[in-house]
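# Coordinates in review
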Amino acid sequence: MAWSQTYISPSAAIVRAEGPGGEATAMLHNMRVYGTCTLALMAAVVFVGVKYVNKLALVFLACVVLSILAIYAGVVKTAFDPPDIPICLLGNRTLSRRSFDVCAKVHAANNGSTTTALWDLFCNGSTASISCDQYFVQNNVTEIQGIPGVVSGVLLDNLWSAYADKGAFVEKRGVPSVPVPDESRAGGLPYVLTDIMTYFTMLVGIYFPSVTGIMAGSNRSGDLKDAQKSIPTGTILAIVTTSFIYLSCIVLFGACIEGVILRDKFGEALQGNLVIGMLAWPSPWVIVIGSFFSTCGAGLQSLTGAPRLLQAIARDGIIPFLQVFGHGKANGEPTWALLLTALICETGILIASLDSVAPILSMFFLMCYMFVNLACALQTLLRTPNWRPRFKYYHWTLSFLGMSLCFALMFVCSWYYALCAMLIAGCIYKYIEYRGAEKEWGDGIRGLSLNAARYALLHVEHGPLHTKNWRPQVLVMLNLDAEQRVKHPRLLSFTSQLKAGKGLTIVGSVLEGTFLDKRADAQQAEENIRALMGTEKAKGFCQLVVSSNLRDGMSHLIQSAGLGGMKHNTVLMAWPEAWKREDGPFSWKNFVDTVRDTTAAQQALLVAKNVDLFPQNQERFSDGHIDVWWIVHDGGLLMLLPFLLRQHKVWRRCQMRIFTVAQVHDNSIQMKKDLQTFLYHLRISAEVEVVEMVENDISAFTYERTLVMEQRSQMLKQMQLSKTEQEREAQLIHDRNTISHSAMAARTQAPSTLDKVQMTWTKEKLVAEKHRHKDAGVSGFRDLFSLKPEWGNLDQSNVRRMHTAVKLNGVVLDKSQDAQLVLLNMPGPPKNRQGDENYMEFLEVLTEGLNRVLLVRGSGREVVTIYS
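Residues numbered from 1 in each chain as written. Predicted model: local features only at pLDDT ≥ 70, side-chain atom pairs only at ≥ 80, totals over all residues. Heavy atoms only, no water.

Side chains of Lys537, Arg620, Lys649 and Arg652 sit close together on the surface and give a patch of like positive charge. Along the chain, Lys649 falls in the loop between helix H21 (637-645) and strand E12 (655-663). Looking at Lys649, the relative accessible area reads 51%, which means it is exposed. (Patch = residues over 30% accessible without salt bridge, like charges linked within 9 Å, V, L, I, M, F, W, Y side chains within 5 Å. Areas by Shrake-Rupley, 256 points an atom, 1.4 Å probe, with all protein chains shown as cover. Salt bridge = Lys/Arg side-chain N within 4 Å of Asp/Glu carboxyl O. Lys, Arg positive; Asp, Glu negative; His and termini not counted. Charge placed at Lys NZ, Arg CZ, Asp CG, Glu CD. Helix = DSSP H or I, 4+ residues; strand = E, 2+ residues; numbered from the N terminus. Buried < 20%, exposed > 50% of the residue type's maximum accessible area, 1.4 Å probe, protein only.)

In structure tokens:
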């Protein structure tokens, strides 16, 4: 500690103390002045060229070696001829020799005794009757040798720690001392006091920067002829050499020098001299010159290596805002990086306290070494193919041990500095992640993420999720124009509003042709889609398929998009506005076949009509409604979608309304109460309205899982059951759904008799079917609503006059003309492909006159539950 600060003699001081208490402040100011001048000189040398630094490095190294040899020679000399360096003690307290020469209270003169300068410092007069400091009166003044020698046995006294608080007396153990009660520490007394509180972890933080030169070779690897050989050899030799010198000096200092001198930070007891200089042989100036050149050499190396490292980081584009520091002189010297490094060094000089700066430096050095060890360990554990260390004695446990030690030392030295350093490192990492590095050099975290993703995918269930965990995992089907740009970008806006960054989103598209011919177009289209996804903040994956025709390509996407358990369960697409054009890129035949594919894959389908009128992410609806027309119960997707949309800022102020259709003879009041109860248990806030229609107006629309009055009442009454009964009923419903899915698959292979009974969109056949089943009771009534419509019995000129579509469209327009969004059940396509065009006409008439429509076709499984 005695040589941790640079001594400036009074004759060389620029700023002088104005009073007795201003010496420390004046010394710090002098350090700032001389340090700034020295830094400017070293920066100028580095700016001129690194070749001059290399030439001076040999001179500095020679001076450092001579200084170290002088220290060892002085230690050997103390074994037989220790230097005469008296230390003055009052009791067991060390006294500063700056204000007196004679270590005694009185001395003999002219056959008598007179008081000394020391007496004058503790007393107000020259006689004993005058008031004196009580501790001075009751304790004796003694003198001991500051450097008793290596054979004196002082090592045993210095083995034990002597930590103290700030402002404590530097005391010697084993010396008698008479304590004084209620002693006030008056200023101006020549005691040697500690200027900081000392403890083990703080001393580790101060000491650690002295061993941080091991990365100097790595920082200048570009200037080495064979970096792979030189860096390991030089680093290991540097560690061995410095460790031997530091440890041996610590032991030898403790064996030669008194503990009070070692704890005397500024050498007050030695009149401000360097204790190591007084120990060295043949002259103290060897240590002074050696320390100065050692400091200058380390500074030059730092000013040479740090700017080059900063310049390399700036040129690689790893941290975008540092790119200005990548520029330099024509020969490659890092001019701007050198300027920034010099300014950082100047900050440390202006602080003028090594004890304050050293812990901060230790944090960043330790963090640097910790991340180096972490990277090496991760690369080995992940078995990265390009990680091939040449050092044959390397093992990942060594890196892990080094990382653990660095992490522990950070908190051992200073937990608050450690937290601040980790916070700064985290902010830099997130900034790099946010802005994106221009060059990708690979990192261990990416490999770790891939391993974690693989592990998670292997453990995700391949079967259907529980209803509580269900959320729409969306496959967005985009159409591209001739220039491979997205036709309906607002479909991605709607996706981001629906997903809010949660769950899986796959953005897919199809290019028509062969992959060999369309490879360049496919790359361009994928870049355009990714750019649009970034603009619309749609977080997900892009998957583009090149197929011989659009129909097969879309089918392939629906079947194969996703990986393992991370597959989509919902398909989102835009309504084909030009579906009547046979030569259109996406005809109505492709659309209907896509609807069939999603049904066969048991996936939900969302069709956005008038998608170009949908809001962008920047828009905000201040009021309005999201209207849900709940005609067919298909698993609750109609209830879930508005709830998800209202989580986004665009739709947050919109209110949800639910319209359910009842027949004239239904109990509309009870149905409304039951539906309100159902929504209450689902924890969904919405207005409920029951719309009564004649049975003939809706019978042709409600087929396949249609919720007639008896079915809806049965489901809503479940809300009044006990919890045990609710769980049993929920399991029963799940089992029924599973059986129905199996039965549906079986019917596709062997159609039942019921499937053969079809009904057309004519009033006569509808009435005939009703009369045929009027005596069958409730069972026959339900069978009527389970029939598939035969869309192909009307020609195109009569489609717009379909009774059901017109009536239902009129009711929807009357209630939801001004709604911000209308959600409607989407009927399934006909089994007879000849009726596909009539099916499209029916959907067109059903949604005519509405601004924003989302047609919803559920997958048949429950997606909402009353259980949390």
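This part takes up the sheet that holds strand E17 (residues 853-857). For sheets, the rule is that strands pair by backbone hydrogen bonds, running either parallel or antiparallel. Taken in spatial order, the 10 strands make up an open sheet running E8-E7-E6-E9-E10-E17-E16-E11-E12-E13, and their pairing is mixed. With partners counted over all chains shown, the strands left at the sheet margins are strand E8 (541-547) and strand E13 (687-693), one partner each. Averaged over all adjacent pairs, the angle separating strand axes in this sheet is 20°, with direction ignored. (Pairing = 2+ DSSP bridges. Axes fitted to C-alpha atoms, helices over the stretch in contact; angles between N-to-C directions.)

Another aspect to go through is the side chain of His488. Its place among the elements puts His488 in the loop between strand E6 (474-478) and helix H17 (490-499). Not counting chain neighbours up to four residues away, the residues in contact with His488 comprise Leu478, Ala574, Val611 and Asp612. (Contact = heavy atoms within 4.5 Å.)

Attention now moves to the state of the cysteines. As used here, a disulfide is simply a covalent bond connecting the sulfur atoms of two cysteines. Counted by the stated rule, this structure contains 2 disulfides. Paired by a disulfide, Cys88 and Cys103 hold their sulfur atoms 2.0 Å apart. What sets the handedness of the Cys88 and Cys103 disulfide is the S-S torsion sign, and at about 80° it is right-handed. In this pair, Cys88 sits in strand E1 (residues 86-90) while Cys103 sits in the loop between strand E2 (93-94) and strand E3 (106-108), placing the two residues 15 residues apart along the sequence. This pair shows no difference in class: Cys88 is buried, exactly as Cys103 is. Through a disulfide, Cys123 is tied to Cys132; the S-S separation comes to 1.9 Å. A torsion of 120° about the S-S bond marks the disulfide between Cys123 and Cys132 as right-handed. A residue is classified by how much of its surface remains accessible, and Cys132, at 14% relative accessible area, is buried. Should the bonded cysteines of the chain be numbered as they appear in the sequence, the pairing reads 1-2, 3-4. In this model Cys406 remains outside any disulfide bridge; the closest cysteine sulfur is found in Cys368, 9.1 Å from its own. (Disulfide = S-S within 2.5 Å.)

This part takes up the packing of aromatic side chains. A complete count under the given rule lists 17 aromatic pairs for this structure. Relative to Tyr369, the ring of Phe365 has its centre 6.2 Å away and its plane inclined at 35°; by these criteria the two rings are tilted. Of this pair, Phe365 and Tyr369 both sit in helix H13 (residues 354-381), separated by 4 residues, roughly a single helical turn. The partly exposed category is assigned to Phe365, whose relative accessible area is 29%. Taken together, Trp119, Phe122, Phe136, Phe169 and Tyr191 form an aromatic cluster joined through their ring pairs. Here the guanidinium or amino end of Arg93 rests over the ring plane of Phe169, the centre of that ring lying 3.9 Å away. (Phe/Tyr/Trp six-rings, centres within 6.5 Å; stacked < 30°, edge-to-face > 60°. Lys NZ or Arg CZ within 6 Å of the ring centre and 35° of its normal.)

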